[in-house]
Amino acid sequence: MANCCDMEAGDLFVCEVCGLELSVKKACACAPDASDKCTVPLQCCGQEMKKK
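Residues numbered from 1 in each chain as written. Predicted model: local features only at pLDDT ≥ 70, side-chain atom pairs only at ≥ 80, totals over all residues. Heavy atoms only, no water.

**Q** Which parts of the structure should I look at to understand the nonpolar core?
**A** Side chains that are nonpolar tend, in soluble globular proteins, to be buried together. Counting 7 residues, the largest nonpolar core is built from Ala2, Met7, Phe13, Cys15, Val24, Cys44 and Met49. Setting aside residues up to four positions removed in sequence, Val24 forms contacts with Met7, Glu8, Ala9, Gly10, Asp11 and Phe13. (Core = buried A, V, L, I, M, F, W, Y, C linked by side-chain atoms within 4.5 Å. Buried < 20%, exposed > 50% of the residue type's maximum accessible area, 1.4 Å probe, protein only. Contact = heavy atoms within 4.5 Å.)

Encoded structure:
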């Protein structure tokens with residue numbers, strides 16, 4: 001699951017359905033173990049986007 005707290009600057013994510021690609025320019029400041037971390041996975045076309 002691709003959550004923003006797992007993404008690093010330079011990572012590229014792609015939708016396997018439509019081919020949309022998203023590049024991470026700046027990493028999220030959320031800590032993976034924080035109670036207020038981001039919890040929504042990166043999705044497109046109803047599916048999780050995959051790291052390329």
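**Q** Looking at this model, I keep getting lost on the environment of Cys28. Mind explaining?
**A** Turning to its location among the elements, Cys28 is positioned in the loop between strand 2 (21-23) and strand 3 (43-44). Separated by 23 residues in sequence, Cys28 and Cys5 place their C-alpha atoms 5.6 Å apart. Setting aside anything within four residues of it in sequence, one finds Cys28 in contact with Cys4, Cys5 and Cys38. (Helix = DSSP H or I, 4+ residues; strand = E, 2+ residues; numbered from the N terminus.)

**Q** Please explain the side chain of Asp11 as it appears in this structure.
**A** On the secondary structure map, Asp11 appears in the segment before strand 1 (12-14). In terms of polar contacts, Asp11 uses its side chain to reach the backbone amide nitrogen of Glu8, at 2.8 Å. (Polar contact = N/O pair within 3.5 Å; in protein donor to acceptor, adjacent residues only side chain to side chain.)

**Q** Any chance you could explain the pattern of salt bridges here in plain terms?
**A** Two side chains carrying opposite charge are able to pair once their charged atoms lie near each other. For the structure shown, the criterion picks out 2 salt bridges. Asp11 serves as the salt-bridge partner of Lys51, at 3.4 Å between the closest nitrogen and oxygen. Of this pair, Lys51 sits in strand 5 (residues 50-51) while Asp11 sits in the segment before strand 1; the two residues are 40 residues apart in sequence, bridging distant segments of the chain. One salt bridge in this structure joins Glu21 and Lys52, with 2.6 Å as the shortest N-O distance. (Salt bridge = Lys/Arg side-chain N within 4 Å of Asp/Glu carboxyl O.)

**Q** Just checking my understanding: could you explain the sheet that holds strand 2 for this structure?
**A** Sheet strands pair via backbone hydrogen bonds, and the direction of the pair is either parallel or antiparallel. Pairing is antiparallel in the open sheet, where 3 strands are placed in the order 2-1-5. The open sheet has two free edges, formed respectively by strand 2 and strand 5, since each of these has just one partner strand. Strand direction decides the pairing type here: strand 1 and strand 5, joined by 2 bridges, are antiparallel. Across the sheet, residue Phe13 finds its bridge partner in strand 5, namely Lys51. (Pairing = 2+ DSSP bridges.)

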